[in-house]
Amino acid sequence: MERFRREYARLCAAAGAAPQEAVLRRLREPGGARARLDLTAQSLSLQTCGALGRLLPGAAPFAALLLGDCGLSEEGVKLLLHGLCSNTTVKSLDLKGNNLRTVGAEALGKLLRQNKSIRSLTLEWNSLGMWEEGFSYFCQGLGANNFLQRLDLRNNQINHQGAGELAVALTQNASLQELDLRWNNIGLLGGRALLNCLHRNKSLKRLELAGNNVPGDILKAVEQALDHNQDREAILSKAQNQVYILNKEVLNLKDEKNKQFLDFMDTVDKQKEEKAKSERVSAARVSQLQEALDEQHSIMNSLKAKLQMTEAALALSEQKVHNLGELLNAMKQEQTSVAECHFRELQQQKQESADREGKLLHDLSAASEKNLLLRNQVDELERKCKVQQDQLFQVKQDLATTTAELKLRAVQAEERLEMEKRRFKQSLEDMESLRVKEVDHMTQHIEASERSMQDRIQRLETIRISLEEELSQVKAAALAERGQAEEELLKARSQARLEEQQRLEHLEEKLRLMTESRDEAQNCCLKQKEMVAEAQARAKQLSLHADGLRRRVEELQQDLNSKEEEKVTEVNKVKVELQEQIGHLEAERTAQDGLREKIAALERQLKALSNNHREALLDKEGEVSLLLEKLRMKEAEISRVREEEAQRASFLQNAIMAYVQGPPFGTHSSRK
């Protein structure tokens, strides 16, 4: 790691850029066979990507490279993946959350074609499926690769065409064992294409298709095909193990041809002890499995309790939304009542202004009639003019006060509406933030629980596989013992037959040659018969012992079959419970979507109400402007009338003055 860090700093200095502190800090960590370079959530510059791309070819001091959520550019991804093409030590690569597109997909396809060391590739939360050409190039690289075992393509916007290209690649690939395609847009056609490719692909053991709108029958068929592949793989592994064990046993039998029967009995006793030990170990492992199942049951109970808590929280949120709806209805009623009050006040003001205008017109007509009829009452007319001026001044003041009150009321109403809008928006934002936090917390907790459950299920599967291997070994050992016993029986019989034949030949020769040694020959025959009887008794004992071993093996097989059936039922129960939990979570998501739609509808209603209120205020302002224009017209008419009255008063005054200043009546008569 230290040498790698120094080379990285040197390359950055040569490129004229300062090395990033986060990368240097990660490279200071101790290395080893299982070391990893974790640069998750670190924004890597283009110079850093170029330097790492130059250092990655060949043997790197780490086996895992984590580049999730690094915000890599297309050029940076290309440089990094070009360096990994000739790497021989990196086994795991994580590129999730980097928004990889066409260039990234092409670089990944080239990497899969050339690299021979990567076993796990994580590409979650990218956009590989949006561009068909880049994704087709990626699928071609996957088809040409024969070393990758695990591929994660969650949330990559893969449609049914991309699924078809993946299916073609899977028919050519013979090493991929796990493929995760959750939360894409595969659909019915993509699901059928993947199902058809599973008939030719025999290496894929796990395929996740949740959240892709794939029908249930296709999902079941995919599960059956995967189970068939797993069974086939298990059968092949068992057969390979059996072949390997048989080869070893054949070699051992060739080496042990010259051993005696007593050694065989010792080995039988040792095998009995080993069987007892294996039975004890299997019993201990069964107890461990039972404890693990109990832990799973407790975890499931805790998950159920948490689901109940989330349901209660959702009920509270629904009640809050209902209360908000009631508050909105109350606000609507208040707004309608305020609008009605304003409308009534405007109608009253209109009636009062009309009455005042009528009174003014009546007064003006009366004043004109009086001016026409009574020219001598100039003083009274002036007084009446003063009174009219006072009334006009009062009318102006009343109009000014009414307009000011109307404006104040409109401003207050707008301020109230704005305050209520702000409060409602703030409450909605608080509710939304709380709901988002709760949903994020629940999703994180559920993902953690799913991961823990998957890990435990994988552990149980590994334990089951180890038990099956031990069973296969025990079966093979039993078969080997049985074969050895049968071979030794055949050898003993053949040896006995050979000895009998040889002894009979010797006896015949002796009978032919020496007739005197009959007694001795008879004694020898008796001894040989006794030996044959003993050999037959030993052969019977061996056959009985072999039958006992067969019965024990059958009993062990029955026990193991029952235990396997119990494990299968328990695993099926766990799967059913997980599916039910996933259904509940999807229902909760749909309910949350409904709540969001309701909140959007309420916001639309608020916008409509605010628009209506603004239109009503604009209408009222227009009416006020019309009333002001009418008042101005009336004031102009009143000023004109006043000018006319002043002119008439001046004419009367001039006439009176002329009359007063004229000659007296007597002088006029004398002139006549």
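In the nomenclature of an unreviewed UniProt entry, the protein corresponds to Leucine-rich repeat-containing protein 45 isoform X1 from the organism Lepidothrix coronata. Listed in UniProt under the heading Subcellular location (unreviewed entry), the comment for the protein reads: "Cytoplasm, Cytoskeleton, Microtubule organizing center, Centrosome".

Attention now goes to the sheet that holds strand 4 (residues 120-122). Spatially, the seven strands line up as an open sheet ordered 1-2-3-4-5-6-7, and their pairing is parallel. Each end of this open sheet is capped by a strand with a single partner; those strands are strand 1 (36-38) and strand 7 (206-208). Taken pair by pair, the neighbouring strands of this sheet meet at an average axis angle of 0 degrees, ignoring direction. Of the strand pairs in this sheet, strand 4 and strand 5 (residues 150-152) are connected by three bridges, and their pairing is parallel. Looking at strand 5, one finds that Leu-121 is bridged to Leu-151.

Moving on, we get to unusual backbone geometry. A positive phi angle is found at Ala-41, which is not glycine, with a value near 65 degrees. If you trace the backbone, Ala-41 turns up in the loop between strand 1 and helix 3 (46-55). Since its relative accessible area comes to 54%, Ala-41 is described here as exposed. In this structure, Asn-213 takes a positive phi of about 55 degrees despite not being glycine.

Right, let's get into a nonpolar patch on the surface. On the surface, Ile-656, Tyr-659 and Val-660 cluster together into a nonpolar patch covering about 370 Å² of accessible area. Among the structural elements, Tyr-659 can be located in helix 12 (residues 518-661). Overall, Tyr-659 belongs to the exposed group, its relative accessible area being 72%.

The UniProt entry lists residues 286-334 and 364-644 under the feature "coiled-coil region" (unreviewed entry), expressed in the numbering used here. When the span residues 286-334 is considered, its composition is 100% helix and 0% strand, and the gap between its end C-alpha atoms is 72 Å.

Moving on to the pattern of salt bridges. Throughout the structure, instances matching the rule amount to 12 salt bridges. Linking Arg-10 and Glu-7 is a salt bridge whose minimum nitrogen-to-oxygen distance equals 2.7 Å. Taken together, the residues span about one helical turn, with Arg-10 and Glu-7 both in helix 1 (residues 2-14) at a distance of three residues. Arg-10 sits in the partly exposed class, given a relative accessible area of 47%. Owing to a relative accessible area of 24%, Glu-7 belongs among the partly exposed residues under this scheme. Measuring nitrogen to oxygen at the nearest pair gives 3.9 Å for the salt bridge that ties Glu-178 to Arg-206. You can see Glu-178 sitting in strand 6 (residues 178-180) and its partner Arg-206 sitting in strand 7, a full 28 residues away along the chain. The partly exposed category is assigned to Glu-178, whose relative accessible area is 27%. The exposure class assigned to Arg-206 is partly exposed, which follows from its relative accessible area of 24%. Via salt bridges that share partners, Glu-124, Asp-152, Arg-154, Asp-180 and Arg-182 belong to a single interconnected network.

The next subject is the side chain of Glu-588. Summarising the element assignment, Glu-588 is placed in helix 12. Despite its burial, Glu-588 remains without a salt bridge, the nearest opposite charge being carried by Arg-589 at 7.5 Å.

What follows deals with the confidence of the model for the protein. For the protein, per-residue confidence averages 82 on the pLDDT scale, and residues scoring 70 or more make up 94% of the total. Between residues 664-672, whose pLDDT stays under 50, and residues either more than four places distant or in other chains, the model counts zero contacts.

To continue, consider helix 1. Here helix 1 is 13 residues long and its end C-alpha atoms lie 18 Å apart, about the 18 Å a rise of 1.5 Å per residue gives. If you check which residues of helix 1 are buried, you get Phe-4, Arg-5, Tyr-8, Leu-11 and Cys-12. One side of helix 1 carries all its buried residues, which in axial view fall inside an arc of 130 degrees. In helix 1, those exposed residues whose orientation departs by more than 90 degrees from the buried face are Arg-3, Arg-6, Ala-13 and Ala-14. Gly-16 lies just past helix 1 and shows a positive phi near 80 degrees.

Our focus in this paragraph is the packing of aromatic side chains. Tallied over the entire structure, the rule returns two aromatic pairs. Arranged with centres 5.5 Å apart and planes meeting at 85 degrees, the rings of Phe-4 and Phe-62 form a pair that is edge-to-face. Here Phe-62 lies in the loop between helix 3 and strand 2 (64-66) and Phe-4 lies in helix 1, a separation of 58 residues in the sequence. Exposure class is identical for Phe-4 and Phe-62. Each is buried. One Lys or Arg, Arg-113, reaches over the ring of Tyr-137 and ends 5.8 Å from the middle of that ring.

Rules and cut-offs
Residues numbered from 1 in each chain as written. Predicted model: local features only at pLDDT ≥ 70, side-chain atom pairs only at ≥ 80, totals over all residues. Heavy atoms only, no water. UniProt positions renumbered as here; feature names shortened; annotations may be inferred. Pairing = 2+ DSSP bridges. Helix = DSSP H or I, 4+ residues; strand = E, 2+ residues; numbered from the N terminus. Axes fitted to C-alpha atoms, helices over the stretch in contact; angles between N-to-C directions. Buried < 20%, exposed > 50% of the residue type's maximum accessible area, 1.4 Å probe, protein only. Patch = residues over 30% accessible without salt bridge, like charges linked within 9 Å, V, L, I, M, F, W, Y side chains within 5 Å. Areas by Shrake-Rupley, 256 points an atom, 1.4 Å probe, with all protein chains shown as cover. Salt bridge = Lys/Arg side-chain N within 4 Å of Asp/Glu carboxyl O. Lys, Arg positive; Asp, Glu negative; His and termini not counted. pLDDT = per-residue confidence, 0-100. Contact = heavy atoms within 4.5 Å. Expected span 1.5 Å × (residues − 1). Arc of directions from axis to C-beta. Phe/Tyr/Trp six-rings, centres within 6.5 Å; stacked < 30°, edge-to-face > 60°. Lys NZ or Arg CZ within 6 Å of the ring centre and 35° of its normal.

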